[in-house]
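Observations on the model geometry
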Amino acid sequence: MFWLLSMITLLNLSGSASGLLTLASDTSFVKSDSLSFSGQASAWALFNNFNKMPLWLGGRYLPQLNYELNFKETTKLDLEVSANINGSGGFNPFSENIADGSVKLYRSWIRYSTDQLELRLGLQKINFGSASMLRPLMWFDRIDPRDPLQLTDGVWGLLGRYYFMNNTNLWLWGLFGNEKPSVWEVVKTNEMIPEFGGRLQLPMKRGEVGFTYHHRTADSKDLPGLISDEINRSSTIPENKFGIDGKFDIITGLWFEATWAKKEKNLGLLTNQHLLNIGTDYTFGIGNGLNVVLEHLYLSQDEQSFALANSINFTGLSLNYPLGLTNNINAIFYYDWLNQTVYNFVSWKKDLKDITLYAMLFFNPENNKLPSNRDTYNLMGGKGIQIMIVYNH
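The paragraphs below set out a description of the structure included in this document. Sequence order as written defines residue numbering, which begins from 1 separately in each chain. Residue-level local features of this predicted model are given only where pLDDT is at least 70; pairs of side-chain atoms are given and counted only at 80 or more, and the full residue set underlies all totals for whole chains, interfaces and linings. To get the side-chain values, all heavy atoms of the structure are used, and hydrogens and water are removed first.

**Observations regarding the nonpolar core**
Nonpolar cores were defined as sets of buried Ala, Val, Leu, Ile, Met, Phe, Trp, Tyr and Cys residues, with membership established by side-chain atoms within 4.5 Å. Buried, partly exposed and exposed residues are distinguished by accessible area as a fraction of the type maximum, computed with a 1.4 Å probe on protein chains only: under 20%, between the cut-offs, and over 50%, respectively. Of all hydrophobic cores here, the largest spans 32 residues; its most connected members are Trp184, Tyr334 and Met388. At the level of elements, strand E2 (34–47), strand E3 (55–72), strand E14 (290–302), strand E16 (327–336), strand E17 (341–351), strand E18 (355–363) and strand E19 (383–392) are the ones that each hand at least two residues to this core. Leaving out residues up to four positions away in the same chain, Trp184 has contacts with Arg135, Pro136, Met138, Gln273, Leu275, Leu297, Leu299 and Pro371. Among the nonpolar cores identified, the runner-up in size contains ten residues, and Ile126, Phe128, Phe140 and Trp171 belong to it. What counts as a helix is a DSSP run of H or I of at least four residues, what counts as a strand is a run of E of at least two, and both are numbered from the N terminus. Throughout, a residue-residue contact means that at least one pair of heavy atoms, one from each residue, lies within 4.5 Å.

**Points about the layout of surface pockets**
Using only the protein atoms, space was sampled on a 1 Å grid; points where a 1.4 Å probe fits but cannot get out form cavities, open sets with protein on both sides within 12 Å along at least five of seven lines form pockets, and lining residues are those with an atom within 4 Å of a point. Grid points are joined across faces, edges and corners, and a volume is the space filled by probe spheres set on the points. Estimated volume of the second largest pocket: approximately 310 Å³. Around the second largest pocket sit 17 residues that line it, and Ser132, Met133, Ile143, Pro145 and Gln150 are the ones nearest its centre. Broken down by secondary-structure element, the contributors of at least two residues to the lining of the second largest pocket are E14, strand E15 (311–322) and E16. Ten residues, namely Ala, Val, Leu, Ile, Met, Phe, Trp, Tyr, Cys and Pro, are considered nonpolar, four, namely Asp, Glu, Lys and Arg, are considered charged, and the remaining ones, Gly among them, are considered polar. Residues of the lining of the second largest pocket, tallied by class, amount to seven nonpolar, eight polar and two charged.

**Some thoughts on the side chain of Ser82**
Residue placement: Ser82 occurs in strand E4 (residues 75–92). Each residue touching Ser82, except ones within four places of it in the same chain, is listed here: Pro63, Gln64, Leu105, Tyr106 and Arg107.

**So, the packing of aromatic side chains**
Only rings of Phe, Tyr and Trp enter the pairing, Trp through its six-membered ring, and a pair is recorded when the two centres are within 6.5 Å. The plane angle decides the type: under 30 degrees is stacked, over 60 is edge-to-face, the rest tilted. Evaluation of the coordinates by the stated rule reveals 13 aromatic pairs. With a centroid separation of 4.7 Å and 45° between ring planes, the pair formed by Trp260 and Phe306 is classed as tilted. Linking Trp260 in strand E12 (residues 252–263) with Phe306 in the loop between E14 and E15, this pair joins segments that are 46 residues apart in sequence. Trp260 gets classed as partly exposed once you look at its relative accessible area, which sits at 22%. Pairwise contacts between aromatic rings join Phe128, Trp139, Phe140, Trp171 and Trp173 into one cluster. Any Lys NZ or Arg CZ that is within 6 Å of a ring centre and within 35 degrees of that ring's normal is treated as a charge sitting over the ring. Against the face of Tyr106 rests Arg107, its NZ or CZ located 4.0 Å from the ring centre.

**Observations concerning unusual backbone geometry**
The residue Phe306 is not glycine, and still its phi comes out positive at about 60°. Of note in the backbone geometry, Leu308 takes a positive phi value of approximately 55° without being a glycine. Within the secondary structure, Leu308 sits in the loop between E14 and E15.

**Observations regarding the pattern of salt bridges**
In what follows, salt bridge is the name for a side-chain nitrogen of Lys or Arg lying within 4 Å of a carboxyl oxygen of Asp or Glu. Tallying each qualifying case throughout the model produces 15 salt bridges. With a closest N to O distance of 3.3 Å, Lys180 and Asp153 form a salt bridge. Here Lys180, found in the loop between strand E8 (169–175) and strand E9 (195–204), pairs with Asp153, found in the loop between strand E6 (117–124) and strand E7 (155–163); they are 27 residues apart in sequence, far enough to count as distant. Taking relative accessible area as the criterion, Asp153 reaches 31% and is therefore assigned partly exposed. Ionic pairing is found between Glu185 and Lys241, a salt bridge with its closest N-O pair at 2.4 Å. A residue pair is termed long-range when its members are at least 10 positions apart, and Glu185 in the loop between E8 and E9 and Lys241 in strand E11 (residues 236–250) qualify at 56 residues. Considered together, Glu185 and Lys241 belong to a single accessibility category, that of buried residues. A single salt-bridge network, built from bridges that share partners, covers Asp78, Arg111, Glu118, Arg120 and Arg161.

**Observations regarding empty space enclosed by the protein**
Tallied over the full model, the rule gives two cavities of 30 Å³ or more. Empty space within the largest cavity amounts to approximately 70 Å³. Contributing to the lining of the largest cavity are Trp184, Glu185, Val186, Glu239, Lys241, Ala261, Lys263, Leu270, Gln273 and Gln301. Considering only residue class, the lining of the largest cavity consists of four nonpolar, two polar and four charged. In this structure, the second largest cavity spans a volume of roughly 50 Å³. Residue lining of the second largest cavity: Pro136, Trp139, Trp184, Lys241, Thr259, Trp260, Ala261, Gln273 and Leu275, and that is the complete set. If one sorts the elements of the lining of the second largest cavity by residue count, E12 sits on top with three residues. A class-by-class count of the residues in the lining of the second largest cavity yields six nonpolar, two polar and one charged.

**Details of the pairing of E19**
Successive residues of a regular strand alternate their side chains across the two faces of the sheet. Criterion used throughout: strands pair if DSSP finds at least two bridges between them. Pairing between E2 and E19: eight bridges, direction antiparallel. Residue pairing for E19: Leu46 is matched across the bridge by Gln386. In this structure, E18 lies alongside E19, joined through nine bridges in antiparallel fashion. Opposite Leu361, over in E19, you have Ile385 as the bridge partner.

**Thoughts on the pairing of E9**
Direction of pairing for E8 relative to E9: antiparallel, over a ladder of seven bridges. Paired with Gly174 across the two strands is Phe196, which belongs to E9. As paired elements, E9 and strand E10 (residues 207–219) share nine bridges and run antiparallel to each other. Paired with Arg199 across the two strands is Thr212, which belongs to E10. Turn length for the E9-E10 hairpin, with the two strands adjacent in sequence and antiparallel, is two residues.

Printed below as a string of structure tokens:
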């Protein structure tokens, strides 16, 4: 309903929902109010002989409407409404096929901001932290570094951020109506009970440190047989998450990210979760500059806090090299220490005026165990190639 009212209001103000329109402004306004429409269209083809459906075709369109109302030099009210329209189909020639698609709201928020304060209400992306590939603080997004579009669903809520003059910043949020579990959550959220939390980022001499907290209520109805009947009947399980992260520039880039999630009822090995990421990056003076990122993730699920008895480890390596002003090649590798398997991904990117071309090769285990995996049909399990064309307007 919020996105529909926002769209109607904008249409009434502008008389048109396309192009860029500058509205008549009051003489007290420093900048003109503006309404703009943009979008991103993409199409792709994928071949993976290890998949039940070896050939896949798909497309996506992300239309986006933005309106900005300026009150004075440092104060404004703006909003964004966008949709995710997508469809794909898998084919096994002369045998069978499958099709899937959806139309859903992607972003729908309104924001009031000054030079030090920001308040944003609605369906929005919230992400933070220091890591880039294996992120313990991926609490509200599901961004896969291998995804050229960097897509992630948003969360419904109110986010407030205040920026102090010494570069300290404080985040506070309240969320409601979000049911889907995050990357690291096994138990989904009870969407009828509000969530809340906050984050404090402090500048350091050669970097910054952040402290983060979040409280939610998990819903155990999806876990029959894994927990006691008493807990399953009550269904609500309060959970507290604590995080600390830091990023520093000391010869190389160095960072760490650690989280602890504790449920207030005993769910066996699901009661406590501990995550630790350490990483570094450096750009070598080879040719146009080779950027190397290395991260290691430790994850433990335990009945007792900090028992650290049931752990898995992943190591990630990213290599990025610009071939020129408009060409770039990127390789990302993950190593699963428990299963002793390697995930391999190489992509080539070509930028044109409004179009970007991608060619991607992958060579992965058929059974995908990566935490950030959100591939419903396991399209990247095994060996294959994907071609994508992206148009921005």
